[in-house]
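One-letter residues, chain by chain:
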Amino acid sequence: MTRTFHCLDDLRRAARRRMPGITFALVDGAAGSEISNHLNCDRLEHVRLMPRVLVDISDRTLGKPFLGQNWGLPFGIAPMGMCNLAWPGTDKALAAAAVHYGMPVCLSTFGSSTIEDTRERAGDNAWFQLYVGPSVEGALELVARAEKAGYQYLVLTVDVPVVSARIRERRHGLEVPFRMQPRNFVDFALHPAWVFQTLIEGVPKPANVVLPDAGKSKTTFTRNEIRGHIDWDFLDRLRELWQGKLILKGVMSPADAVRIRDAGADAVYVSNHGGRQLDAAPPAIDMLPQIRAAVGSDYPLIFDSGVRSGEGVVKALALGADFVLLGRAFLYAAGAAGERGVFRLVDLLSEQVALTLGQIGYPDVGTIDRNALAVTQAGDLTDLGSV
Ligand SMILES: Cc1cc2nc3c(=O)[nH]c(=O)nc-3n(C[C@H](O)[C@H](O)[C@H](O)COP(=O)(O)O)c2cc1C
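**A look at the overall build of the protein**
- Of the regular secondary structure elements, the protein holds 14 helices and 12 strands.
- For 387 residues, the compact-globule formula gives about 21 Å, and the C-alpha radius of gyration of the protein, at 20 Å, lands near that figure.
- Viewed in the frame of its principal axes, the protein has a C-alpha envelope of about 60 × 50 × 40 Å.
- In the protein, which comprises 387 residues, the proportion classed as buried is 56%.
- In the protein, 75% of the contacts between residues at least 6 apart in sequence involve partners at least 24 apart.
- Carbon and sulfur atoms make up 53% of the accessible area of the protein, which amounts to about 16,400 Å² in all.
- Placing the 41 positive and 43 negative side-chain charges of the protein at their respective mean positions leaves the two points 5 Å apart.

Following this line, the structure appears as C-alpha cells:
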C-alpha cells in the first residue's frame, strides 16, 4: 500500500487527509504568515547541482561517519515534540526506523516518550534534545537522566527564547494542556481512524516534563513558557557537565556559530526551526555556506529546515553541512501510514540520494563538496562565500 507514495508530497497529501486539522496544523504550520517556512524550501529549490559524466558510479556509498559513529545514511530525524499526535505510535516507528537504517533519532524535551524508553528502543541512535524552561535545575535533571540512560549526544536548542505566534495553530484552538472546544468535536469526528487509534494507544502527553495542571515540580514546563533565561554562561556550565557530544541547535548567525565552537561544543546545528520561530529569519540554507566559511572546513555542522527530498539532502551537504536532519517530512510520513509510512519515506529519500549521487558523479556521499554545485547565472544562487 505504501508503494503508492512516490515522493514526500504524496505522503503529505495523505497525512492531511488522515490527520485531524488541529494536529496537521501543529505539524505543517509555522510562525506568523509562514513565509520563512516557504522560503526555506524555495531557496533550496533554487540551488542547482551540476550533472557530471563518465564517472563509474556503479557502487555508491550512502553511509558516513559523523561525530564518532558510522551512520547508514547521511540524514536523520530532527527533534519534534509530541510526535504521537501525528499518528499514534509515531515515536516507536521513528525509533524502529532509526535502528533499521542506522540513522539518528532525536527525542525532544517535549517528546511523548520517556528519555529511558527512547534510549531502549533506539540504542546508540538516540539523541536527546534539551530545552531549558523556567527551572535550570529541572533542565539539568533531564540531562542527568539522559546521561544515566546512556545517551551520547545532547542537542541544546537555543532558538526558542520565546515561542512564536503560530497563527494556524491558534485558528484551530491548539493549546497545551489541550481543552476541547466545539469546533474540535467536528474535526475529530471527521477523522475516526486517528481518534480510534489514539484511544487505543492512549492520548499522548509530554513524557519528560510536568504540565502545570499536574502539579508543580522542577520540571514543570508549559509550551509557551519563556526559554530565554539562559546565556553563554549556561553553555559553559553544560559543557563542563556533559561528557558526551554537545550540539547547539538553532544557530543562524556566523558570529554565534564561531562563539559556540570556541566554547567547546562538538557541533553547530544550523536551523531556523523550520520557519517556526522568527518569520523574518533568512532561509536557513542561505546561512549555511556563510557559517561553514566562519567556522572553518573541519568543524562539524548539521543542517535542517526545508529539506523535502534526497536532492535537498545532497544540496545541503554540498553547501557545507556534514549531516542533515529532517523534521516535518517524518511526521507527514507517520500521518500518512504510521510505521510503514516512515519506512517508505526513508526508502524514498535513500533512493533519491543514491540517484542524485549517480547523476552528479559522486560515488561516495562523504566526498560531496561545493564542486557538486552548479552556478548557472551570477547572483541567482546562494552566495557561496569562501566555502
Ligand atoms: C511538530 C514539530 C515540533 C517540533 N518540536 C521541536 C522541539 O521540541 N525541539 C526542537 O529543537 N525543534 C523542534 N522542531 C523543529 C525541528 O527540530 C526542525 O528544526 C524543523 O522541523 C526542521 O524543518 P523542516 O520541518 O522543514 O525539516 C519541531 C518541528 C515540528 C514540525
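**What about the site of the ligand?**
- Close contacts around the ligand come from 23 residues, with Pro79, Ser108, Thr157, Asp304 and Gly306 the closest.
- In the model, an oxygen atom of the ligand is placed 3.0 Å from a nitrogen or oxygen of the glycine 327 main chain.
- One of the side-chain nitrogen or oxygen atoms of arginine 328 is found 2.9 Å away from an oxygen atom of the ligand.
- When the ligand sits alone it has 610 Å² of accessible area, and the protein chains cover 97% of it.
- Looking at the shell around the ligand element by element, the count peaks at 3 residues for strand E4 (residues 75-80).
- Residues of the shell around the ligand, tallied by class, amount to 8 nonpolar, 10 polar and 5 charged.

**A short note on the environment of arginine 18**
- Residue position: arginine 18 is located in helix H1 (residues 8-18).
- The class of arginine 18 is partly exposed, set by a relative accessible area of 29%.
- For the pair arginine 18 and leucine 49, spaced 31 residues apart in sequence, the C-alpha to C-alpha distance is 35 Å.
- Setting aside residues up to four positions removed in sequence, arginine 18 forms contacts with Trp87, His191, Trp194, Gly335, Ala336, Ala337 and Gly338.
- Within polar-contact distance, the side chain of arginine 18 engages the backbone oxygen of glycine 335 at 3.1 Å.
- In this structure the side chain of arginine 18 is engaged in a polar contact, spanning 2.9 Å, whose partner is the backbone oxygen of alanine 336.

**Details of the nonpolar core**
- The biggest cluster of nonpolar side chains holds 100 residues, and the ones touching the most others in it are Phe75, Leu130 and Phe330.
- Top contributing element to this core by residue count: helix H14 (residues 328-360), with 18 residues.
- The contacts of phenylalanine 75, once residues within four sequence positions are left out, are Met103, Pro104, Val313, Phe323, Val324, Leu326, Val346, Leu349, Ser350 and Val353.
- Cys106, Trp127, Ile247 and Tyr269 belong to the second largest nonpolar core, which has 14 residues in total.

**Considering the pairing of E4**
- Of all 6 residues in E4, 6 are buried, a share of seventy percent or more.
- Pairing analysis gives 2 bridges linking E4 to strand E5 (residues 105-107), with the strands arranged parallel. Following the sheet pairing, methionine 80 is matched in E5 by leucine 107.

**A few points about a nonpolar patch on the surface**
- Side chains of Met180, Phe185, Val186 and Leu190 sit close together on the surface and give an oily, nonpolar patch of about 430 Å² of accessible area.
- Relative to the assigned elements, leucine 190 resides in the loop between helix H8 (182-189) and helix H9 (192-201).
- Classification of leucine 190 by relative accessible area gives exposed; the value is 62%.

**So, the pairing of strand E7 (residues 153-157)**
- The buried fraction of E7 amounts to 5 of the 5 residues, a majority that puts the element mostly inside the structure.
- Judged by which residues are buried, E7 turns out to be covered on both faces: Tyr153, Val155 and Thr157 on one side and Leu154 and Leu156 on the other are all buried.
- Pairing of strand E6 (residues 126-130) with E7, which is carried by 3 bridges, proceeds in the parallel orientation. Bridge pairing links glutamine 129 to valine 155 in E7.
- In terms of strand pairing, E7 meets strand E8 (residues 245-251) through 5 bridges, oriented parallel. In the strand pairing of E8, leucine 156 is matched with leucine 248.

**A look at unusual backbone geometry**
- The residue leucine 54 is not glycine, and still its phi comes out positive at about 55°.
- Mapped onto the secondary structure, leucine 54 falls in the loop between strand E1 (48-49) and strand E2 (64-66).
- You will see that methionine 82, though not glycine, has its phi angle at about 55°, which is positive.
- Within the fold, methionine 82 resides in the loop between E4 and helix H4 (90-101).

Calculation criteria
- Residues numbered from 1 in each chain as written.
- Predicted model: local features only at pLDDT ≥ 70, side-chain atom pairs only at ≥ 80, totals over all residues.
- Heavy atoms only, no water.
- Helix = DSSP H or I, 4+ residues; strand = E, 2+ residues; numbered from the N terminus.
- Rg over C-alpha atoms; globule rule 2.2 N^0.38 Å.
- Buried < 20%, exposed > 50% of the residue type's maximum accessible area, 1.4 Å probe, protein only.
- Contact = heavy atoms within 4.5 Å.
- Areas by Shrake-Rupley, 256 points an atom, 1.4 Å probe, with all protein chains shown as cover.
- Lys, Arg positive; Asp, Glu negative; His and termini not counted.
- Charge placed at Lys NZ, Arg CZ, Asp CG, Glu CD.
- Near = heavy atom within 4 Å.
- Polar contact = N/O pair within 3.5 Å; in protein donor to acceptor, adjacent residues only side chain to side chain.
- Nonpolar A, V, L, I, M, F, W, Y, C, P; charged D, E, K, R; others polar.
- Core = buried A, V, L, I, M, F, W, Y, C linked by side-chain atoms within 4.5 Å.
- Pairing = 2+ DSSP bridges.
- Patch = residues over 30% accessible without salt bridge, like charges linked within 9 Å, V, L, I, M, F, W, Y side chains within 5 Å.
- Salt bridge = Lys/Arg side-chain N within 4 Å of Asp/Glu carboxyl O.

Treat this as a map of the structure, not an account of what it does.
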